[in-house]
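# Chains, contacts and geometry: an overview
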Amino acid sequence: MEMIKKYAGILMMLTLLVGFTSCEDDEDIYDDLMGRTWVGDLWFGSDNNPIESGIRLDNNGLGIDYQVFDYDGRPAGDLPFRWWVDYGTLYLDYGYDFALREIRGVRVRGRYLQGDLYLDGGYIDYIELQMQ
């Protein structure tokens, strides 16, 4: 019986260790993402009228997407959104009018935010957004 308690205790400690490690990774990425503007293609617009996004992620979980038309740089409008990171995925929620954007496997390398873009759970493409 004592042997079972010993292994149960070890198993519980390992479970907590894994849980804390995954939370730390999400917290580390927050510092890399917040307070910066990341520019690139988040799949707004159309093939004939592509739009480039410039997302600013504020520390309160809110952000603004400063959008411009890709071909001439004219403003296309500003979209507010909510954002959060969970288990290595950056979520960008623009509300009911737009698909939920997920950047899975999100990471910051130098001046680039990288990951796989999903719209409403469907894979779109690997993306890189450049820090401005």
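Here is a short report on the structure shown in this document. Every residue gets a number counted from 1 within its own chain, in the order that chain's sequence is written. Per-residue local features are limited, in this predicted model, to residues with pLDDT of at least 70; the limit for side-chain atom pairs, both in listing and counting, is 80 or more; totals at the level of whole chains, interfaces and linings are taken over all residues. As a rule here, side-chain values come from all non-hydrogen atoms in the structure, and water together with hydrogens is ignored.

## Description of the pattern of salt bridges
- One side-chain nitrogen of Lys or Arg within 4 Å of one carboxyl oxygen of Asp or Glu is enough to make a salt bridge. Counting across every chain of the model gives four salt bridges.
- Residue Asp58 is joined to Arg56 by a salt bridge in which the shortest nitrogen-to-oxygen separation is 3.5 Å.
- Note on classification: 1.4 Å probe, protein chains only; a residue is buried when its accessible area is under 20% of the maximum for its type, exposed when over 50%, partly exposed between these limits. Residue class for Arg56 comes out partly exposed when judged on its relative accessible area of 29%.
- Residue Glu102 is joined to Arg104 by a salt bridge in which the shortest nitrogen-to-oxygen separation is 2.9 Å.
- Glu102 sits in the buried class, given a relative accessible area of 8%.
- For Arg104, a relative accessible area of 30% translates into the label partly exposed.

## Quick notes on the packing of aromatic side chains
- Aromatic rings from Phe, Tyr and Trp, with only the six-membered ring used for Trp, were paired whenever their centres fell within 6.5 Å, and each pair was classed as stacked if the ring planes differed by under 30 degrees, edge-to-face if by over 60, and tilted otherwise. Tallying each qualifying case throughout the model produces eight aromatic pairs.
- Ring centres of Phe81 and Tyr94 lie 5.1 Å apart, and the angle between their planes is 40°; on these two criteria the pair is classed as tilted. Taken together, the positions of Phe81 in strand 4 (residues 75-86) and Tyr94 in the loop between strand 5 (89-93) and strand 6 (101-109) put the pair 13 residues apart, joining distant regions of the chain.
- Pairing Tyr118 with Tyr123 gives two aromatic rings, centres 5.4 Å apart and planes at 70°, and the pair type is edge-to-face.
- Take Tyr123: its relative accessible area is 46%, and that puts it in the partly exposed class.
- Of the aromatic side chains, those joined through ring pairs into one cluster are Phe44, Phe81, Tyr94 and Phe98.
- Above the ring of Phe44, the side-chain terminus of Arg101 is found at 3.7 Å from the ring centroid. Put simply, DSSP H or I for four residues or longer makes a helix, DSSP E for two residues or longer makes a strand, and each gets a number counted from the N terminus. Whether a charge lies above a ring is judged from NZ of Lys or CZ of Arg, which has to be within 6 Å of the ring centre and within 35 degrees of the ring normal.

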